[in-house]
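Each chain, letter by letter, is given below.
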Amino acid sequence: MSTLTIFSSVPARAAEAEAVPVATSRPIPAVLGADLEVPVKGGRLVGYANLDYAASAPCLEPVSAAVTAALPAYSSVHRGAGYASQLTTARYEQARHTVRAFVGARPDDAVIFTRNTTDATNLLARCLPAGTTTVVFDTEHHASLLPWQKSVRLAPPAFPGEAVRAADAALAGIDGPKLLVVTAASNVTGELWPIAALAHVAHRHGARILVDAAQLVPHRRLNLTALDLDYVAFSGHKLYAPFGAGVLVGRRDWLADGEPYLKGGGAVRSVGDDTEWHDDPEPRHEAGTPNVLGAIALAAACDALTATGWTALVREEERLIARLRSGLASIEGVRELSLWGDDHPRVGIVSFTVAGYSAREVAETLSGEYGIGVRDGKFCAHPFVRHLLGEADGGCEDGTASAVRASIGIGSTQEHVDRLVEAVRDLVNR
Ligand SMILES: Cc1ncc(COP(=O)(O)O)c(C=O)c1O
């Protein structure tokens, strides 16, 4: 009879997910790969200093444990009558509840699992009412810059209030449905955008707002309801859940009316002479067998971060990022990229240039000689990086101009940060 007990209790647990208080202030969880050793010049092995979290963050141990626990019963979702199928379906739907609670969504918001943030923004783009105009800043990641059919592009604003003013003016001049798209935390500078004020302005003009939270949610708490946001999108692989799932959360109506994102099994109620599509956004846009383990992983990461508590996470990140920034600032020829100045609040991301070296040379030296992983390039934000480099270096005619990006998170250590600073100092002094 234990089988029956589990069978009937799993869906009930899923339904109650939001009501269950999550314990707070657990120790910061460990990440997998913290003891990874990598070869450097001369064949020596050194501990890997992963400073590339903004691209993809390592897997949290609780995430790995959740996936491992789900694997033995892994089965199809939403279709099978078998026990494993029922259990996996319950786990998948539980993941949806967890994500809903994590972002503080309204009870009637849709929570659609996607492949990643790019997939989520493209899904929303396909569901916009006919004739919708999108207003988007040139500072966006390409995932939020490119999917829109009809958009008004705004120049990088000189200060946060200018962002609000520019959005206000642009939205005032648009008739018909409109959507403001903005990132919560820049993937180039880490700087936080005034999303509450932008949401307010959008709504004053009858527009909606989509917040690209890919770089915010690994670092800060986000509450969609409190901020009055219409949609948020983010990726599991940047949130310590590298199993290939992302999410779009937000108002149901446009998503319920939009053309099904993928056409196939699961999205239809019945197929005969006519096809009857689901009205509910989740089945409508999740045709085919979904990435169940990706959703379970993403939800486990949400749980782990919530259980740790944001105060501890933010305190440690701010300590390390301040050390990194002041270390880099002390090196002649190193210039940090910033839109709104040194004192503007930011998450654990720093992009910089080193005079006399290309970003690729710096990144390759850091990897090959010091065992440090960073990113170099324009970070899928070409207009923004060009703008920042142009300002910093007096021009960006060189199409290859780019920057180095160091980014931190759970598992980053003071030794990693100090190693980067000393390596850049060595390079400059050669
Ligand atoms: C701010 C921001 N938005 C969107 C994306 C796209 O994320 P994904 O590659 O997971 O679709 C990224 C990835 O770097 C990002 O930093």
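Just so it is clear, the model here is predicted, and its values are computed rather than measured.

Is there a simple way to think about the site of the ligand in this case?
Near the ligand, the surroundings consist of 13 residues, among which Thr118, Asp212, Ser235, His237 and Lys238 are the closest. One of the side-chain N or O atoms of His141 is found 3.3 Å from an oxygen atom in the ligand. In the environment of the ligand, an oxygen atom lies 2.7 Å from a nitrogen or oxygen atom belonging to the side chain of Gln215. Calculation on the ligand without its partners gives an accessible area of 390 Å², and the protein chains cover 90% of this total. Residues of the shell around the ligand, tallied by class, amount to 2 nonpolar, 9 polar and 2 charged.

So what exactly am I meant to see when it comes to unusual backbone geometry here?
Of all residues except glycine, most have a negative phi; of all peptide bonds, most are trans. A positive phi is found at Tyr240, a non-glycine position, where the angle reads about 70°. In this fold, Tyr240 is placed in the loop between strand 9 (231–235) and strand 10 (246–250).

Sorry if this is basic, but what is going on with the sheet that holds strand 10 here?
Strand-to-strand pairing in sheets goes through backbone hydrogen bonds, with the strands running parallel or antiparallel. In spatial order, the strands read 4-10-9-8-7-5-6; together these 7 strands make up an open sheet with mixed pairing. With one partner strand each, in any of the chains shown, strand 4 (110–114) and strand 6 (151–154) form the two edges of the open sheet. Neighbour to neighbour, the strand axes of the sheet diverge by 20° on average, direction disregarded. With 4 bridges connecting them, strand 5 (residues 133–137) and strand 6 associate as parallel partners. Bridged to Val135 within strand 6 is Val152. Along the sheet, helix 7 (residues 195–204) contacts strand 7 (178–183) and strand 8 (208–212); its crossing angle with strand 8, the most-contacted strand, is approximately 155°.

Explain the pairing of strand 11 (residues 268–271) here, please?
The side chains of a regular strand alternate, residue by residue, between the two faces of the sheet. Pairing geometry for strand 11 and strand 12 (residues 275–277), over 3 bridges, is antiparallel. Bridged to Ser270 within strand 12 is Glu276.

How should the sheet that holds strand 14 (residues 349–354) be read in this particular structure?
The antiparallel open sheet is built from 4 strands, whose spatial order is 13-14-17-16. Sheet topology places strand 13 (334–336) and strand 16 (375–377) at the edges, where each strand pairs with a single neighbour. For this sheet, the mean angle separating the axes of adjacent strands, direction not counted, is 30°. With 4 bridges joining them, strand 14 and strand 17 (residues 403–407) adopt antiparallel strand pairing. Residue pairing across strands places Phe352 opposite Val404, the latter belonging to strand 17.

Looking at this structure, I do not really get the pattern of salt bridges. What am I missing?
Once the charged atoms of two side chains with opposite charge are near each other, the side chains can pair. Taken as a whole and judged by the stated rule, the model has 28 salt bridges. With a shortest N-O distance of 3.9 Å, Arg251 and Asp228 are connected by a salt bridge. Of this pair, Arg251 sits in the loop between strand 10 and helix 9 (252–257) while Asp228 sits in the loop between helix 8 (224–227) and strand 9, and the two are 23 residues apart along the sequence. Note on Arg251: relative accessible area 26%, which makes it partly exposed. The shortest N-O distance in the salt bridge between Arg319 and Glu316 comes to 3.1 Å.

Please clarify how helix 2 (residues 61–70) should be interpreted in this entry.
When helix 2 is considered as a whole, its buried residues turn out to be Val63, Ser64, Val67 and Ala70. Relative to the axis of helix 2, the buried residues are bounded by an arc of 130° and lie together on one face. For helix 2, the secondary structure elements touched by its buried residues are helix 3 (83–102) and helix 11 (292–308).

Explain helix 11 to me, please; I cannot follow it from the model alone.
The terminal C-alpha atoms of helix 11 lie 24 Å apart, and with 17 residues this matches the ideal 24 Å at 1.5 Å per residue to within 8%. Within helix 11, 15 of the 17 residues are buried, which leaves the element mostly enclosed by the surrounding structure. Phi turns positive, to about 95°, at Gly309, one or two residues after helix 11.

Before we go on, may I ask you to explain the packing of helix 13 (residues 359–370) against helix 15 (residues 414–428) in this structure?
When two helices pack together, their arrangement is given by the angle between the helix axes and by the axis-to-axis distance. Running from N to C, helix 13 and helix 15 point in directions that differ by 115°, and their axes come no closer than 11 Å. In terms of orientation, helix 13 lies roughly perpendicular with respect to helix 15. Along this stretch, helix 13 crosses helix 15, giving a crossing that reads as right-handed. In this structure, helix 13 uses Val362, Thr365, Leu366 and Tyr370 to contact helix 15, whose residues at the interface are Arg419, Leu420, Ala423, Val424, Asp426 and Leu427. Classifying every residue of the contact of helix 13 with helix 15 by side-chain character gives 7 nonpolar, 1 polar and 2 charged.

Where do I start with the packing of helix 3 against helix 11 in this structure?
For the pair helix 3 and helix 11, interaxial distance at closest approach is 8 Å and the crossing angle is 40°. In terms of orientation, helix 3 lies oblique with respect to helix 11. Relative to helix 11, helix 3 is oriented so that their crossing is left-handed. Contact with helix 3, carried on its side by Thr88, Arg91, Tyr92, Ala95, Thr98, Val99 and Phe102, involves Val292, Ala295, Ile296, Leu298, Ala299, Cys302, Asp303, Leu305 and Thr306 of helix 11 and no other residues of that element.

Which parts of the structure should I look at to understand the side chain of Asp376?
Note on placement: Asp376 falls in strand 16. Take Asp376: its relative accessible area is 16%, and that puts it in the buried class. A polar contact is formed between the side chain of Asp376 and the side chain of Arg360, at a distance of 3.0 Å.

Rules of the game
- Residues numbered from 1 in each chain as written.
- Predicted model: local features only at pLDDT ≥ 70, side-chain atom pairs only at ≥ 80, totals over all residues.
- Heavy atoms only, no water.
- Near = heavy atom within 4 Å.
- Polar contact = N/O pair within 3.5 Å; in protein donor to acceptor, adjacent residues only side chain to side chain.
- Areas by Shrake-Rupley, 256 points an atom, 1.4 Å probe, with all protein chains shown as cover.
- Nonpolar A, V, L, I, M, F, W, Y, C, P; charged D, E, K, R; others polar.
- Helix = DSSP H or I, 4+ residues; strand = E, 2+ residues; numbered from the N terminus.
- Pairing = 2+ DSSP bridges.
- Axes fitted to C-alpha atoms, helices over the stretch in contact; angles between N-to-C directions.
- Contact = heavy atoms within 4.5 Å.
- Salt bridge = Lys/Arg side-chain N within 4 Å of Asp/Glu carboxyl O.
- Buried < 20%, exposed > 50% of the residue type's maximum accessible area, 1.4 Å probe, protein only.
- Arc of directions from axis to C-beta.
- Expected span 1.5 Å × (residues − 1).
- Parallel < 35°, antiparallel > 145°, perpendicular 65-115°, else oblique.
- Left-handed = near helix turned anticlockwise from the far one by under 90°.

By themselves, these figures tell us nothing about what the structure is for.
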